[in-house]
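# An overview of the molecular structure
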Amino acid sequence: MAIPLIIDTDPGVDDAFAIALAARSPEVDLRGLTTVFGNVALDLTTRNAQRLLAHLGRTDVPVVRGAEGPSGAADVHGEDGLGGQAHTLPESDHELFGDDVIGFFRERLTPDTVVVAIGPQTNIAKALDAGIEFPRLIVMGGGLDLGNTTARAEFNFWADPAAARTVIRKGNPIVVPLNLTHRCIADTEFLAKVDPVLSNLTGTYRAYLANRSENTGIYIHDAVAVAEAIGPSS
Ligand code: RIB
Ligand code: CA
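Residues numbered from 1 in each chain as written. Chains lettered and ligands numbered in written order. Predicted model: local features only at pLDDT ≥ 70, side-chain atom pairs only at ≥ 80, totals over all residues. Heavy atoms only, no water.

An unreviewed UniProt entry lists the chain under the name Nucleoside hydrolase, with Lentzea indica given as the organism.

### Concerning the overall build of the chain
Under the convention used in this document: Only DSSP runs of H or I with at least four residues qualify as helices, and only runs of E with at least two residues qualify as strands; both kinds are numbered from the N terminus onward. C-alpha atoms define the radius of gyration in this analysis, and the globule rule sets the expected value at 2.2 Å times the number of residues to the power 0.38. The buried label goes to any residue with under 20% of its type's maximum accessible area, the exposed label to any with over 50%, and the partly exposed label to all in between, with areas taken from a 1.4 Å probe on protein chains only. Throughout, a contact is declared for two residues whenever any of their heavy atoms are within 4.5 Å. For every accessible area listed, the method is Shrake-Rupley and the probe measures 1.4 Å; residues are considered covered only by the protein chains on display.
Regarding its fold elements, the chain presents twelve helices and eight strands. In terms of overall size, the chain behaves like a compact globule, its C-alpha atoms giving a radius of gyration of 16 Å where 234 residues would be expected to give roughly 17 Å. For the chain, the spread of C-alpha atoms along the principal axes amounts to about 45 × 40 × 35 Å. Burial analysis of the chain (234 residues in total) assigns 56% to the buried set. Long-range pairs, those at least 24 residues apart, make up 78% of the contacts in the chain between residues at least 6 apart in sequence. For the chain, the exposed area adds up to about 9,800 Å²; of that, 52% sits on carbon and sulfur atoms.

### Regarding the coordination of the calcium ion (ligand 2)
To keep it simple, the criterion reads: The donor set covers N, O and S atoms within 2.8 Å of the metal, switching to 3.2 Å for Na, K and Ca, and it leaves out water, so a site may look short of donors.
The calcium ion (ligand 2) binds to the protein through D10 (OD), D15 (OD), D15 (OD), I118 (O) and D222 (OD), with metal-donor distances spanning 2.2 to 2.6 Å. One chain supplies every donor for the calcium ion (ligand 2), spaced along it as D-x4-D-x102-I-x103-D. Placement of I118 in the loop between β4 (114–117) and α5 (122–129) and of D222 in helix α12 (residues 221–230) is noted, with a sequence separation of 104 residues between them. Accessibility assignment for this pair places I118 and D222 in one class, buried.

### What about the packing of α5 against helix α7 (residues 161–170)?
As a reminder of what qualifies: Axes here mean lines fitted to C-alpha atoms, for a helix over just the part in contact, with angles spanning 0 to 180 degrees between N-to-C directions. For this classification, under 35 degrees means roughly parallel, over 145 means roughly antiparallel, 65 to 115 means roughly perpendicular, and everything else is oblique. Each helix crossing is assigned a hand: it is left-handed if the near helix lies turned anticlockwise from the far helix by less than a right angle, otherwise right-handed if that turn is clockwise. Charged residues are taken to be Asp, Glu, Lys and Arg, nonpolar residues to be Ala, Val, Leu, Ile, Met, Phe, Trp, Tyr, Cys and Pro, and polar residues to be all remaining types, Gly included.
For the pair α5 and α7, interaxial distance at closest approach is 8 Å and the crossing angle is 50°. Classified by the interaxial angle, the pair formed by α5 and α7 is oblique. By crossing handedness, the relation of α5 to α7 is classed as left-handed. The segment α5 lies against α7, with T122, I124, A125, L128 and D129 engaging A163, T166, V167 and K170. Here the contact of α5 with α7 is built from residues that sort into five nonpolar, two polar and two charged.

### A short note on the sheet that holds strand β3 (residues 63–65)
Spelled out, the test is: Here, a strand pair is defined by DSSP locating no fewer than two bridges between the strands.
If you trace the six strands from one edge of the open sheet to the other, you get β3-β2-β1-β4-β5-β6, paired in parallel fashion. On the outer flanks of this sheet lie β3 and β6 (174–176), each paired with one strand and no other. Looking at each pair of strands side by side, their axes are set apart by 20° on average, direction ignored. Pairing analysis gives four bridges linking strand β1 (residues 3–9) to β4, with the strands arranged parallel. Residue pairing in the sheet places D8 in a bridge with A117 of β4.

What follows is the structure, given as structure tokens:
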């Protein structure tokens, strides 16, 4: 039985590989993407989500526009959120499912649905505050004594710390922190094998990391969180 999955996302280059992993896995029944501000502004993360699904041949998957907020990682993901290469993906002709994320969760969550949140936690926190209960919630965020946006702050939690606090306190999430995702680096050769079109999105991200480390690839933070949904480690 395929795992019903909803991804809350701010695409974002590593989000793109996470969405591709879910969209192409026979073990997953991808039920929807809910978008949030983060790597870039909400308009761009939402458009990127639609374009990624069009590229993946999955315009059957609804996209729900979520919370706006201050974006903050264009230096990593490019001004368009996809390494300046968003235009290389097909424009999407499928309509937005709407902008009522809480209503979408209320309508679509089933007892076996897994939600993977791979951006700022704003949508998830609002849903929890509205009384939504997530049967299984996986969150990419945080770090134990480790940060990427500051010395001790990870971007998704840094972008909306109040929402992160709510999710940790109310959502009983499985947290996938930087301590794990920093061990998951994918180089250009591997990414090109996964999807040469998506690999073409990684230039800005690779340059950012190459200027700060010995890395020649990208951290696939968000794909690790989706992998946890597909093959639970615990
Ligand atoms: O800190 C890594 C997280 O921040 C990932 O989700 C990445 O896409 C960015 O949103
Ligand atoms: Ca993300």
